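# Observations on the model geometry
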Amino acid sequence: MKLIFEKTSPGRKGITLPELDTPDVEIDIPETSVRKELDLPELGEVDVVRHYTALSKRNFGVDSGFYPLGSCTMKYNPKINEDIARLPGFSELNPMSQEENVQGAMKIMYNLEQFLCEITGMSAFTLQPAAGSHGELTGVMIMKKYFKDKGEDRRIILIPDSAHGTNPASAAMCGFSVKTINSCKEGEIDINNLKENLDKNVAGLMLTNPNTLGIFEREVMEIARILHDNGSLFYCDGANMNALLGIAKVADMGFDIMHFNLHKTFSTPHGGGGPGAGPIGVTKKLEILLPNPRIKKEGEKYCYYSNDESIGRIRAFFGNFGVIVRAYTYIKTLGAEGLREVSENAVLNANYLLAKLKDDYNLPYKRICKHEFVINDMNMPNNVTTADIAKRLLDYGFHSPTIYFPLIVHGAMMIEPTETESKQTMDEFAEAMISIKKEAEETPDVVKNSPFKTPVRRLDAVMAARNPILKFEKH
Ligand SMILES: *Cc1c(COP(=O)(O)O)cnc(C)c1O
């Protein structure tokens, strides 16, 4: 497919302006400010529309098909969320507006913080962080300041080997050393290994629950007790809370800090680098440290305020407001009952798919799962790998699950169907997976050379990441 720059035809344009009917005045523009060459493509309106429509058709999104991406959740985004976020009163807001002119927007932010408190039992939330990883960084900064204010010098953060890579990255970015805690053979954190690594140097533990194997950490309250006895803090990576809504509260498990990914759990569209939102919640004793500014309600009025003890601002303005409106709409449309059903159906769907696949694919942790589960390519015939299966799925019209993560499962395929998928869709996906297994036995080259039906075949992913070509150069 040609780039839009290669389709250019000099003089072609998408608009026709009326003849100038005012005096044509010469304006003196300083020489240094005059652009000598403006290299924009010249095309008619229809050419532009066709170009971008063709591009959009080469992509795969949750609106085009099943997208069972574990951990990173590509759940369906109800279109009502888009309608609400596009209301001019929201989409045309200026973030520099005076408080009294944006009371409605502040009410939404305030209420969303309250909803998140209710869902998790935490005592306060901030909506400022722009992504899950940004929430983690904010949370770790709060841990650092908490110990600094207490006059304690703790330099280590413990992280299980099944954790998302952003956990150790956030801890390291904040100046902590990271120690890895092993998982036990049930797929949960190894408590003995935790105890062996715990001393007065440990600021805290970052835990994902359910963890990235889709398994609930049953000892979570015991872990909290062990940490708190040591004076350490307990951080919950709540990027994906799709199994817990309305069922279990993070604060009841003994966590002190958590982040949500609104763009995973509360359905706002994501991918391709954003936008997202990673609100963090804390218990009472850490509330004073949350980033400035905060929002409070005084009578009927919403206002900003700041605390001197805060870690300070971590973002310009107050968060990704469009994402906040979408998440707010999602929660309001579903209500408390609806949110609980989201999690019940997410867990039911995952266990349904797991049951359909477990005879044909290896299941390293043989347990009932929460919202997602992990299988792998062990015992696949003819050395067919997880990457081959992922590519072949595209020919069947499905996006691949998350692959090669978590790292503790060799050749992992992490499958999260989400709550909105029908039994028919999941049956079709399971059939595709099972026929790929058959192909691996009978015609392995078909799987190994796939995909055949996509606009591009196998890309050199390493080359694309190391030497990206991000702008058009005329030769
Ligand atoms: C996605 C994810 C993150 C990071 O969130 P981003 O918004 O991509 O920064 C952290 N932890 C887990 C478990 C995740 O799935």
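Residues numbered from 1 in each chain as written. Predicted model: local features only at pLDDT ≥ 70, side-chain atom pairs only at ≥ 80, totals over all residues. Heavy atoms only, no water.

Attention now moves to the sheet that holds strand β11 (residues 402–403). The three strands lie next to each other as β10-β12-β11, forming an open sheet whose pairing is antiparallel. Lying at the two open borders of the sheet, with one neighbouring strand each, are β10 (373–376) and β11. With four bridges connecting them, β10 and strand β12 (residues 412–415) associate as antiparallel partners. For Phe 373, the partnering residue across the bridge sits in β12 and is Ile 415. Sheet strands touched by helix α10 (residues 321–357): β10 and β12. Its angle to β10, the strand with the most contacts, is close to 20 degrees. (Pairing = 2+ DSSP bridges. Helix = DSSP H or I, 4+ residues; strand = E, 2+ residues; numbered from the N terminus. Contact = heavy atoms within 4.5 Å. Axes fitted to C-alpha atoms, helices over the stretch in contact; angles between N-to-C directions.)

Mapping Asn 376 onto the fold places it in strand β10. Each C-alpha atom, one on Asn 376 and one on Asn 362, is 5.6 Å from the other, the two residues being 14 residues apart in sequence. With near-sequence residues (within four places) excluded, Asn 376 lies in contact with Tyr 361, Asn 362, Pro 364, Val 409, His 410, Gly 411, Ala 412 and Met 413. Polar side-chain contacts of Asn 376 include one of 3.0 Å to the backbone oxygen of His 410. (Polar contact = N/O pair within 3.5 Å; in protein donor to acceptor, adjacent residues only side chain to side chain.)

Around the ligand, the surrounding shell holds 13 residues, and the nearest of these are Ser 71, Ser 133, Asp 237, His 263 and Lys 264. Here Asn 261 contributes a side-chain N or O atom positioned 3.0 Å from an oxygen atom of the ligand. His 263 places a polar side-chain atom, nitrogen or oxygen, 2.8 Å from an oxygen atom of the ligand. When the ligand sits alone it has 380 Å² of accessible area, and the protein chains cover 88% of it. Taken together, the residues of the shell around the ligand break down into three nonpolar, seven polar and three charged. (Near = heavy atom within 4 Å. Areas by Shrake-Rupley, 256 points an atom, 1.4 Å probe, with all protein chains shown as cover. Nonpolar A, V, L, I, M, F, W, Y, C, P; charged D, E, K, R; others polar.)

What follows deals with helix α6 (residues 166–173). The periodicity of an α-helix, 3.6 residues per turn, causes residues three or four positions apart to be oriented the same way. Looking at α6, one finds that the buried residues are Asn 167, Ser 170 and Ala 171. Along the long axis of α6, the arc covered by the buried residues comes to 95 degrees, so they all point the same way. Tucked inside the fold, the buried residues of α6 contact α5 (132–149), β2 (156–160), β3 (177–181), β4 (202–208) and β5 (233–238). Looking at the residues trailing α6, positive phi occurs at Gly 175, about 95 degrees. (Buried < 20%, exposed > 50% of the residue type's maximum accessible area, 1.4 Å probe, protein only. Arc of directions from axis to C-beta.)

Next up on the list: α5. In this model α5 runs 26 Å from its N-terminal to its C-terminal C-alpha over 18 residues, within 8% of the 26 Å that 1.5 Å per residue would give. The set of residues buried in α5 consists of Gly 132, Gly 135, Glu 136, Leu 137, Thr 138, Gly 139, Val 140, Ile 142, Met 143, Tyr 146 and Phe 147. After α5 finishes, the residue Gly 151 shows a positive phi value of roughly 75 degrees. (Expected span 1.5 Å × (residues − 1).)

Right, let's talk about the layout of surface pockets for a bit. The space that makes up the largest pocket amounts to roughly 980 Å³. Around the largest pocket sit 27 residues that line it, and Lys 391, Leu 394, His 399, Val 456 and Leu 459 are the ones nearest its centre. When residues of the lining of the largest pocket are traced back to their parent elements, those giving at least two are α11 (386–395) and α14 (461–466). The class makeup of the residues in the lining of the largest pocket is 15 nonpolar, six polar and six charged. Lining the second largest pocket we find 13 residues, and of these Met 1, Leu 3, His 51, Leu 55 and Ile 469 sit closest to its centre. When the residues that make up the lining of the second largest pocket are grouped by side-chain class, the tally is nine nonpolar, one polar and three charged. (1 Å grid on protein atoms, 1.4 Å probe; cavity = no way out; pocket = protein on both sides within 12 Å on 5 of 7 lines; lining within 4 Å. Points joined across faces, edges and corners; volume = space filled by probe spheres on them.)

This part takes up the packing of aromatic side chains. Per the counting criterion, the structure on display carries 15 aromatic pairs. Their ring planes at 10 degrees and their centres at 4.5 Å tell us that Tyr 304 and Phe 318 sit as a pair that is stacked. Placement of the pair is Tyr 304 in strand β9 (residues 301–305) and Phe 318 in the loop between β9 and α10, with a sequence separation of 14 residues. Plain terms: the ring middles of Phe 398 and Phe 429 are 5.4 Å apart, the flat faces sit at 85 degrees to each other, and that makes the pair edge-to-face. Taken as a pair, Phe 398 in the loop between α11 and β11 and Phe 429 in helix α12 (residues 423–442) lie far apart in primary sequence, 31 residues in all. According to the relative accessible area criterion, Phe 429 is buried, its value standing at 0%. Feature note: the residues Phe 125, Phe 260, Phe 266 and Tyr 330 constitute an aromatic cluster, connected by ring pairs. Lying across the ring of Tyr 305, Lys 296 places its NZ or CZ 4.9 Å from the centre. (Phe/Tyr/Trp six-rings, centres within 6.5 Å; stacked < 30°, edge-to-face > 60°. Lys NZ or Arg CZ within 6 Å of the ring centre and 35° of its normal.)

All right, on to empty space enclosed by the protein then. Scanning the entire structure with this criterion turns up four cavities of 30 Å³ or more. Its volume calculated, the largest cavity comes out at about 90 Å³. Every residue along the wall of the largest cavity is listed here: Met 109, Glu 113, Thr 126, Leu 127, Gln 128, Pro 291, Pro 293, Arg 294, Ile 295 and Phe 318. Residue classes in the lining of the largest cavity are distributed as six nonpolar, two polar and two charged. Here the second largest cavity is characterised by a volume of approximately 60 Å³. Along the walls of the second largest cavity sit Leu 213, Ile 215, Leu 354, Leu 363, Tyr 365, Arg 367, Ile 368, Cys 369, Phe 373 and Val 374, which together make up its complete lining. Per-class residue counts for the lining of the second largest cavity are nine nonpolar, no polar and one charged.

Here β2 pairs with β3 via five bridges, running parallel. By the bridge assignment, Ile 157 is partnered in β3 with Val 178. For the handedness criterion, the β-α-β arrangement of β2, α6 and β3 is classed as right-handed. (Right-handed = clockwise from strand over helix to strand, strands pointing away.)

Read across the open sheet, the seven strands follow the order β1-β7-β6-β5-β4-β2-β3; overall the sheet is mixed. The sheet terminates laterally at β1 (124–126) and β3, the two strands that pair on one side only. Across the sheet, the axes of successive neighbouring strands diverge by a mean angle of 25 degrees, strand direction being ignored. Relative to β5, β4 is paired through five bridges, and the arrangement is parallel. From the neighbouring strand, Leu 207 faces β5, where its bridge partner is Cys 236.

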